[in-house]
Amino acid sequence: PALRWLGGVEGAASVEEGVLTMTAGARTDWFNPPPGEGMPSGLANAPCLVFSPPPGDWQLAARVEVVHKSLFDAGTRPAAAGAVRPGALP
């Protein structure tokens, strides 16, 4: 299916031999801190590619690999049915 960037935040992405590779920019994150006094505010500015699912039954299989460069680097594969909003991840 056609891919589109969520929330107008674009990153770098390419598809080669059926493999989607994405790179997030510096100082981008999806961070939802636990509640509490003195906790930093959340951040929802990382790029995310989304698509509209095909009609009928279907399955999605994904493997996420991350090249860690900093202590808190991570990779994720959020999945949700319906509308997805940046900062409101399933």
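The model shown is predicted, which means the values in this text are computed figures rather than measured ones.

Reading the values: rules and limits
- Residues numbered from 1 in each chain as written.
- Predicted model: local features only at pLDDT ≥ 70, side-chain atom pairs only at ≥ 80, totals over all residues.
- Heavy atoms only, no water.
- Helix = DSSP H or I, 4+ residues; strand = E, 2+ residues; numbered from the N terminus.
- Buried < 20%, exposed > 50% of the residue type's maximum accessible area, 1.4 Å probe, protein only.
- Contact = heavy atoms within 4.5 Å.
- Areas by Shrake-Rupley, 256 points an atom, 1.4 Å probe, with all protein chains shown as cover.
- Pairing = 2+ DSSP bridges.
- Patch = residues over 30% accessible without salt bridge, like charges linked within 9 Å, V, L, I, M, F, W, Y side chains within 5 Å.
- Salt bridge = Lys/Arg side-chain N within 4 Å of Asp/Glu carboxyl O.

### Observations regarding the overall build of the chain
Logical step 1: Along the backbone of the chain there are 0 helices and 6 strands.
Logical step 2: Listed by position from the N terminus, the elements making up the chain come as β-β-β-β-β-β.
Logical step 3: Expressed as a percentage of the 90 residues in the chain, the buried residues total 8%.
Logical step 4: Considering only residue pairs separated by 6 or more positions, the chain has 44% of its internal contacts joining residues 24 or more positions apart.
Logical step 5: When the accessible surface of the chain is summed, it comes to about 7,500 Å², and 53% of that surface belongs to carbon and sulfur atoms.

### Examining the pairing of strand E3 (residues 19-23)
Logical step 1: Where strand E2 (residues 12-16) lies against E3, 5 bridges are found, and the strand directions are antiparallel. Bridge pairing in E3 links Ser-14 to Thr-21.
Logical step 2: Taking the residues that link successive antiparallel strands as the turn, the E2-E3 hairpin has 2 residues, and the phi of Glu-17 there is positive, at about 50°.

### Concerning a nonpolar patch on the surface
Logical step 1: Where nonpolar side chains cluster on the molecular surface, the patch consists of Leu-3, Val-15, Leu-20 and Met-22 and spans about 340 Å² of accessible area.
Logical step 2: Considering the arrangement of structural elements, one finds Val-15 in strand E2.
Logical step 3: Val-15 gets classed as exposed once you look at its relative accessible area, which sits at 56%.

### So, unusual backbone geometry
Logical step 1: For Glu-17, which is not glycine, the phi dihedral falls at a positive 50°.
Logical step 2: Considering the arrangement of structural elements, one finds Glu-17 in the loop between E2 and E3.
Logical step 3: The exposed category is assigned to Glu-17, whose relative accessible area is 83%.

### Some details on the environment of Pro-53
Logical step 1: In this structure, Pro-53 sits in the segment after strand E6 (49-50).
Logical step 2: When its relative accessible area of 47% is taken as the criterion, Pro-53 is described as partly exposed.

It is worth stressing that arrangement in space is one thing and function is another; only the former is reported here.
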